[in-house]
Amino acid sequence: MVQFIARGFPRSFNEADISELLAHFGIHETKFSKRRGKISAIITVQNPAIADSVLSRLHQLQIGAARLTVEHYNQRTEQDDDALPATKTVRESAQELSNYVRALHAVHPVDFNYPPPPYLKYRYPKPTRDIIDNISATLESVPKFYVQVMHLMNRMNLPPPFTNKDLEPREGTRKDAAQQTDLTMIQESLLAEGESELESDEEATPKVPRKGKNLLNRNRFKPYIKPVITPSVTKVKPSPTELFEQPKPKPIAAITIHIPEQLPTPVPTVVTPEQEPPPIQQEPSSMSEQDLLANRVPPDQLTDLPVFKNYTPGAPSNKLYIKNLAKTVTEADLSQIYALFTSPGRAVIQIKLMQSGRMKGQAFVTFSYAYPEDLDGLGEMPIERARRLTNGFILRDKPMVVCYGRQEKAATAAE
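Residues numbered from 1 in each chain as written. Predicted model: local features only at pLDDT ≥ 70, side-chain atom pairs only at ≥ 80, totals over all residues. Heavy atoms only, no water.

Asks: Honestly, the sheet that holds strand 2 (residues 30-35) in this entry has me stumped. Any pointers?
Replies: The strands that make up a sheet pair up through hydrogen bonds in the backbone, lying either parallel or antiparallel. With respect to topology, four strands assemble into an open sheet ordered 2-3-1-6, the strand pairing being antiparallel. Across the chains shown, the open sheet's two edge strands, defined by having one partner strand only, are strand 2 and strand 6 (69-72). Averaged over all pairs of adjacent strands, the angle between their axes in this sheet comes to 25°, without regard to strand direction. Looking at chain direction, strand 1 (residues 2-7) and strand 6 are connected through four bridges and run antiparallel. Pairing of Ile5 across the sheet is with Glu71, part of strand 6. Across the face of the sheet, helix 1 (residues 15-23) comes into contact with strand 2 and strand 3 (38-45) while running at roughly 35° to strand 3. Sitting on the sheet, helix 2 (residues 51-58) touches strand 1, strand 3 and strand 6, and the angle it makes with strand 6 is about 155°. (Pairing = 2+ DSSP bridges. Helix = DSSP H or I, 4+ residues; strand = E, 2+ residues; numbered from the N terminus. Axes fitted to C-alpha atoms, helices over the stretch in contact; angles between N-to-C directions. Contact = heavy atoms within 4.5 Å.)

The structure is reproduced here in structure tokens:
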């Protein structure tokens, strides 16, 4: 006999629906358990030979939007899962975490074993030679401080300040750090070296120390004497004039002016009135209208692009306003495109490309006609045809947005 447990039934299924579903697979012994509003079915298969077939057919079976999960049934595991306490809500978990962090950052008024709050910041002076010497003296005199520094360097993965030779035991007794930094003891040792040989011979009988343990204990509990620190002498920074050689001033040469006795008579210059330059004739373009149609975005797809979202052609005028131009576009590129529409009426175009400021990437193309009477028989004005065919044309990997510009007042003809 093999037992399985099936979970993941749709919430709309009741026990009768589940029993009817399992009956299609030849399962008639079924028990039900309800946990957290979900129904689970405990399936009993009497023939172990078909147990694997039942498991493979029911596991991961799709029923509507739900998917079944079938696994071997363990009664002890189910009892343990039922005995688990209910999960805490997000608000309760956040409150417990806040209380823990508040207690962790609190500083006890008596002992300071708690870590300091993270919002406290300490400001220390920059390291100098005197500060480093003071730290070195403290490391020698306070063994616990030395051990903590070694631990800190180990945690920070810093290279060790010692070698394998330093780990070997040294011969002789170890001098205490306080004895090494005591100035009075150093002076006494220097005076003892200056004594005569006779006195040194009389007192040459060495005293045998009792045991190394007593010597260590005596040196260990000697009072710590703070080393005398000589005040640092403030160095006066030299001025730039002392470091660099000052350039010598060069003498100013005298300027002599020679005036000729006879001055040439001035020749009168005739000033002609300024004339307006003739309009520049546009060179024939190597581009055709078929090239424009082949390299433009189809009109039914323009609204899908963000730049054409609120596009309107505007009121007809003699000027086209172009935007969404690439940074590498030049006036020659625009002149080559709009030269296609200058044949009717012998139109002359003036191009103004904005290359700096807030108007960068925009341009204006103005059409003027030498023979406007030739345009009467046309069904479509050249400027309208230019706007319709170039709107959406992909120039330097960016589609052009072309519409009418503001109408300008007609300029008076030159006399």
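So that's the structure; there's more coming.
Asks: Is there a simple way to think about the packing of aromatic side chains in this case?
Replies: Aromatic ring pairs: the centre-centre distance and the angle between the two ring planes describe each pair. A complete count under the given rule lists three aromatic pairs for this structure. Both rings, one in Phe308 and one in Tyr311, keep their centres 6.0 Å apart while their planes meet at 65°; by these two values the pair is edge-to-face. A residue is classified by how much of its surface remains accessible, and Phe308, at 3% relative accessible area, is buried. With 6.4 Å between their ring centres and 50° between their planes, Tyr338 and Phe341 make a pair best called tilted. In this structure, Tyr338 and Phe341 share a single accessibility class: buried. (Phe/Tyr/Trp six-rings, centres within 6.5 Å; stacked < 30°, edge-to-face > 60°. Buried < 20%, exposed > 50% of the residue type's maximum accessible area, 1.4 Å probe, protein only.)

Asks: Looking at this structure, I do not really get the side chain of Asn391. What am I missing?
Replies: Topologically, Asn391 is positioned in the loop between helix 15 (382-390) and strand 10 (394-395). On the basis of relative accessible area, Asn391 is assigned to the buried category, the value being 5%. Excluding residues within four positions of it along the chain, Asn391 makes contact with Arg296, Leu302, Phe308, Tyr311, Met400, Val401 and Val402.

Asks: Before we go on, may I ask you to explain the environment of Ile5 in this structure?
Replies: Structurally, the position occupied by Ile5 is in strand 1. Along the chain, Ile5 and Phe32 lie 27 residues apart, while their C-alpha atoms are 9.3 Å from each other.

Asks: Explain the pattern of salt bridges here, please?
Replies: Opposite charge on two side chains lets them pair, provided their charged atoms get close. If you walk through the whole model with that rule in mind, you get six salt bridges. Among the salt bridges present, the one from Arg385 reaches Glu289, with a minimum N-O distance of 2.6 Å. Of the two residues, Arg385 is situated in helix 15 and Glu289 in helix 13 (residues 289-294); the sequence distance between them amounts to 96 residues. Judged by its relative accessible area of 26%, Glu289 falls in the partly exposed class. Of the charged contacts, one joins Arg385 and Glu380 as a salt bridge, the two residues approaching to 3.7 Å between their closest N and O atoms. Within the structure, one salt-bridge network assembled from shared partners comprises Glu289, Glu380, Arg385 and Arg388. (Salt bridge = Lys/Arg side-chain N within 4 Å of Asp/Glu carboxyl O.)

Asks: How should I be thinking about a nonpolar patch on the surface in this particular structure?
Replies: Taken together, the side chains of Ile131, Ile135, Val142 and Phe145 present a nonpolar region at the surface, about 270 Å² in accessible area. On the secondary structure map, Ile131 appears in helix 5 (residues 129-141). (Patch = residues over 30% accessible without salt bridge, like charges linked within 9 Å, V, L, I, M, F, W, Y side chains within 5 Å. Areas by Shrake-Rupley, 256 points an atom, 1.4 Å probe, with all protein chains shown as cover.)

Asks: Sorry if this is basic, but what is going on with the nonpolar core here?
Replies: For soluble globular proteins, nonpolar side chains are generally found buried alongside one another. Counting residues in hydrophobic clusters, the biggest one holds 25 residues, and the most contacted among them are Leu320, Ile322, Leu334, Ile337, Tyr338, Phe367 and Met400. Counting residues per element, the ones that place at least two in this core are strand 7 (319-323), helix 14 (331-338), strand 8 (347-354), strand 9 (362-369), helix 15 and strand 12 (401-404). Ranked by size, the runner-up nonpolar core spans 18 residues in total, among them Phe4, Leu22, Val54 and Leu68. (Core = buried A, V, L, I, M, F, W, Y, C linked by side-chain atoms within 4.5 Å.)

Asks: Would you mind showing me how to read helix 15 here?
Replies: Residue pairs three or four apart in sequence face the same way in an α-helix, which turns once every 3.6 residues. Burial in helix 15 covers these residues: Pro382, Ile383, Ala386, Arg387, Leu389 and Thr390. As for helix 15, its buried residues are in contact with helix 13, strand 7, helix 14, strand 9 and strand 12. A positive phi of about 90° marks Gly392, the residue just after helix 15.

Asks: For this particular structure, what's the right way to read helix 2?
Replies: Listed as buried for helix 2 are Ala51, Val54 and Leu58. Seen along its axis, helix 2 keeps its buried residues to an arc of 65°; they face one direction. Counted as exposed and oriented over 90 degrees from the buried face of helix 2: Asp52 and Ser56. Buried positions along helix 2 lie against strand 1, helix 1, strand 3 and strand 6. Gln60 sits one or two positions beyond helix 2 and adopts a positive phi of about 65°. (Arc of directions from axis to C-beta.)

Asks: What exactly am I supposed to notice about the environment of Lys31 here?
Replies: With respect to the helices, strands and loops of the structure, Lys31 is situated in strand 2. Discounting chain neighbours no more than four positions away, the residues touching Lys31 are Ser40, Ala41 and Ile42.

Asks: Honestly, unusual backbone geometry in this entry has me stumped. Any pointers?
Replies: The phi torsion of most residues other than glycine is negative, and most of the peptide bonds are trans. Notably, Gln60 is not glycine yet its phi reads approximately 65°, a positive angle. Residue placement: Gln60 occurs in the loop between helix 2 and strand 4 (62-63). Owing to a relative accessible area of 39%, Gln60 belongs among the partly exposed residues under this scheme. The phi dihedral of Asn324 falls on the positive side, at around 65°, and the residue is not glycine. Summarising the element assignment, Asn324 is placed in the loop between strand 7 and helix 14.

Geometric descriptors of this kind do not, in isolation, establish any biological role.
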